[in-house]
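# What the coordinates show
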Amino acid sequence: MTADAGAKAAALADAAVAGDRLALARLLTAVENRSPIAEAALRSLFPMAGRAHLVGITGPPGSGKSTLVAALIAEARRAGRTVAVIAVDPSSPITGGALLGDRVRMQAYADDGDVFIRSMASRGHAGGLAPTSAAAAAVLDAAGFDLILIETVGTGQSEVEVAAAADTTVVVEAPEMGDEVQAIKAGLLEVADVVVVNKGDKPGAQRTASQLRAMLVATAPRDAGASSSGPRPKRPEVLITTAATGDGIPELLAALDRHRGLDRVGESTAARHTRAEAHVWAILAERLRERLHDDAHATATMALLDEVADHRTDPYTAADLLLGALRSDDA
Ligand SMILES: Nc1nc2c(ncn2[C@@H]2O[C@H](COP(=O)(O)OP(=O)(O)O)[C@@H](O)[C@H]2O)c(=O)[nH]1
Ligand SMILES: [Mg+2]
C-alpha cells in the first residue's frame with residue numbers, strides 16, 4: 001500500500017472513531033470492498049474494539065427480525081445505549097428489494113446520531129461473509145457503539161455463521177410457520193443463546209415456545225468446548241415477544257445482558273478464543289488463496305488443482321506442494 005493510502009486509512013479511522021458518521025460509512029464501504037484501506041484502518045482500530053456487545057439475530061424470513069431489531073433499538077436508546085445495526089441482505093445488491101422495507105422502517109432513526117444502520121450484501125464475498133461482517137462489527141465497536149445488532153436470515157449456512165460469530169446469538173421464530181421451518185429449526189437452535197418466539201399476539205405462541213423448550217431439553221447437555229461451533233454452555237432461554245408492540249422487549253434486552261454477563265466470565269474466554277481463532281483462520285485462508293492465485297503462482301496452482309480433479313494427484317500431496325511453493329518464495 002502506498003504511503004498516501006496509509007495516510008488516508010489513518011485519517012478515516014481517526015475520524016470514524018471521533019464520531020464522524022460519514023467517515024464511518026466510508027470505512028464500512030472499504031471493509032465491504034475489502035480494500036487495502038480497510039485493512040490498514042482495521043489494524044489501527046482493533047485495539048479500541050472489544051467493548052461492544054455483539055448480538056446476532058437470525059431466523060426464518062418473516063419471523064419479525066427487522067421489527068425486533070427496531071424494537072430493540074428503541075429499548076436500548078431508552079436505556080441510554082448507542083446502537084449500530086448491520087443488516088445482511090440475502091438478495092443481490094442490485095435487486096435488494098427486501099432491504100427497502102427495512103430501510104423505511106429504520107428511517108425513524110435517520111437523525112439520531114446514536115443509532116447507526118448499515119446494510120451489507122451477502123453475495124459476492126469470495127472468502128465468505130463472516131470475515132467481512134466481523135470486520136464491520138470491529139469498526140463499529142471501535143467507533144464506540146454499545147450494542148451492535150447483526151441481522152441475518154437464518155436460511156443459508158454463511159448467514160447462520162455470521163450470527164453465530166456474535167457474543168450472543170438470538171434465534172427468532174414465529175408461531176406456526178410451517179413444516180419447512182421446523183426442519184430449519186433444529187439446525188438453527190444449535191447456535192442459539194436466546195430463542196425468541198415473536199408475534200406473541202398470534203395464537204400458538206405459547207405452544208411454539210413450549211415445543212422449542214422441549215426440543216432444547218431433548219438436545220444433549222451443552223458441554224463447553226464440545227462443539228465445533230464453539231462452546232455454548234448454557235441452555236438458551238426461550239422468550240415470547242411481540243415486536244410490533246414492544247411487548248417482551250425489555251425482557252429480551254435483559255436476557256441479552258444476562259447472557260453477556262455469562263459470556264464475560266468463565267466460559268467466555270473459551271468462546272472468545274474460538275471466535276478469534278475462526279477470524280484469524282479465515283484471514284489466513286484468504287491470504288493463502290490470494291498468494292496461490294497471484295501472477296507468480298496462478299498457472300502452477302491451477303494445473304495442480306486440475307491434477308487433483310483428474311485424480312492424478314491426491315489432495316494431500318497437492319496441499320503440501322502448494323505450501324512448499326510458498327515456502328520456497330519466502331526462503
Ligand atoms: N402480528 C405480528 N406481526 C409482526 C410482529 N413482528 C413483526 N410482524 C410482521 O411480520 C412481518 C415480517 O416482519 P419483518 O420484521 O420484516 O421480518 P424479518 O423478515 O424476519 O425481518 C411484517 O409484516 C411485520 O409487520 C409481531 O410481533 N406481531
Ligand atoms: Mg428483515
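Preceding this paragraph is the structure being described.
The structure presented is a predicted model; accordingly, all values stated were derived computationally and were not measured. (Residues numbered from 1 in each chain as written. Chains lettered and ligands numbered in written order. Predicted model: local features only at pLDDT ≥ 70, side-chain atom pairs only at ≥ 80, totals over all residues. Heavy atoms only, no water.)

### A closer look at the pattern of salt bridges
Put simply, the rule reads: Just to be clear on terms, a salt bridge is a Lys or Arg side-chain nitrogen sitting within 4 Å of an Asp or Glu carboxyl oxygen. Only DSSP runs of H or I with at least four residues qualify as helices, and only runs of E with at least two residues qualify as strands; both kinds are numbered from the N terminus onward. Relative accessibility thresholds used throughout: buried, under 20% of the residue-type maximum; exposed, over 50%; partly exposed, between the two (1.4 Å probe, protein chains only).
Summed over all chains, the structure comprises nine salt bridges. Between D114 and R77 there is a salt bridge whose closest N-O contact spans 3.1 Å. Residue D114 is found in the loop between α5 (97-106) and β3 (115-121), and its partner R77 is found in helix α4 (residues 65-78); the two are separated by 37 residues along the sequence. Using a relative accessible area of 30% as the deciding quantity, one classes D114 as partly exposed. Between E237 and R258 there is a salt bridge, with its nearest N and O atoms 2.9 Å apart. Here E237 is found in strand β7 (residues 237-240), whereas its partner R258 is found in helix α10 (residues 249-264), with 21 residues between them in sequence. In this structure E237 comes out as partly exposed when scored by relative accessible area, which is 26%.

### A closer look at the side chain of R260
Our working rule: Counting rule applied: Lys, Arg positive; Asp, Glu negative; His and chain ends not counted. Polar contact criterion, stated in full: a pair of N or O atoms within 3.5 Å, where within protein one must be able to donate a hydrogen and the other to accept it, and residues adjacent in sequence count only if both atoms are side-chain atoms. We call two residues contacting when some pair of their heavy atoms lies within 4.5 Å.
Secondary-structure assignment places R260 in helix α10. Here R260 occupies a buried position and makes no salt bridge, while the nearest side chain of opposite charge, D167, is found at 4.9 Å. Here the side chain of R260 touches A52 through a polar contact of 3.1 Å, landing on its backbone oxygen. Beyond its immediate stretch of four places on either side in the chain, R260 contacts R51, A52, H53, T168 and R272.

### Observations regarding the site of ligand 1
The condition is simple: Nearness is judged by heavy atoms alone; a residue qualifies as near a molecule or strand once a single heavy atom is within 4 Å of it. Computed by Shrake-Rupley with a 1.4 Å probe, the accessible areas treat only the displayed protein chains as cover when residues are assessed. Basically, the charged four are Asp, Glu, Lys and Arg, the nonpolar ten are Ala, Val, Leu, Ile, Met, Phe, Trp, Tyr, Cys and Pro, and anything else, Gly included, counts as polar.
Near ligand 1 there are 17 residues, and of these G62, K65, S66, T67 and D201 occur at the shortest range. G62 places a main-chain nitrogen or oxygen 2.8 Å from an oxygen atom of ligand 1. A243 has a polar backbone atom sitting 3.0 Å from an oxygen atom of ligand 1. For ligand 1, the protein covers 71% of the area, taking 580 Å² as the surface of the free molecule. Ranked by residues supplied to the shell around ligand 1, first place goes to α4 with three residues. Broken down by class, the residue content of the shell around ligand 1 amounts to four nonpolar, seven polar and six charged.

### Notes on the coordination of the magnesium ion (ligand 2)
Using the following cut-off: Each metal site lists N, O and S donors within 2.8 Å (3.2 Å for Na, K and Ca). With water left out of the atoms, a site can look as if it is missing ligands.
Here the magnesium ion (ligand 2) is held by S66 (OG) and E151 (OE), and the distances to it run 2.1 to 2.2 Å. With S66 in helix α4 and E151 in strand β4 (residues 147-151), the pair connects residues that are 85 residues apart, well separated along the chain. The class of E151 is buried, set by a relative accessible area of 9%.

### Structural notes on the nonpolar core
How we decide: Nonpolar core, defined: a set of buried Ala, Val, Leu, Ile, Met, Phe, Trp, Tyr and Cys residues in which side-chain atoms within 4.5 Å join the residues together.
Core analysis: the biggest nonpolar cluster contains 38 residues, and L24, I86, V139, L140, F145, I148 and I150 have the highest contact counts within it. Those elements that provide at least two residues to this core are α1 (3-17), α2 (21-32), α3 (36-45), β2 (83-89), β3, α6 (129-142) and β4. The biggest single contributor to this core is α6, with eight residues. When neighbours within four sequence positions are excluded, L140 is seen to be in contact with L24, L28, A84, I86, F116, F145 and I148. Grouped together as the second largest cluster of nonpolar side chains are 24 residues, V115, L149, A243 and L252 included.

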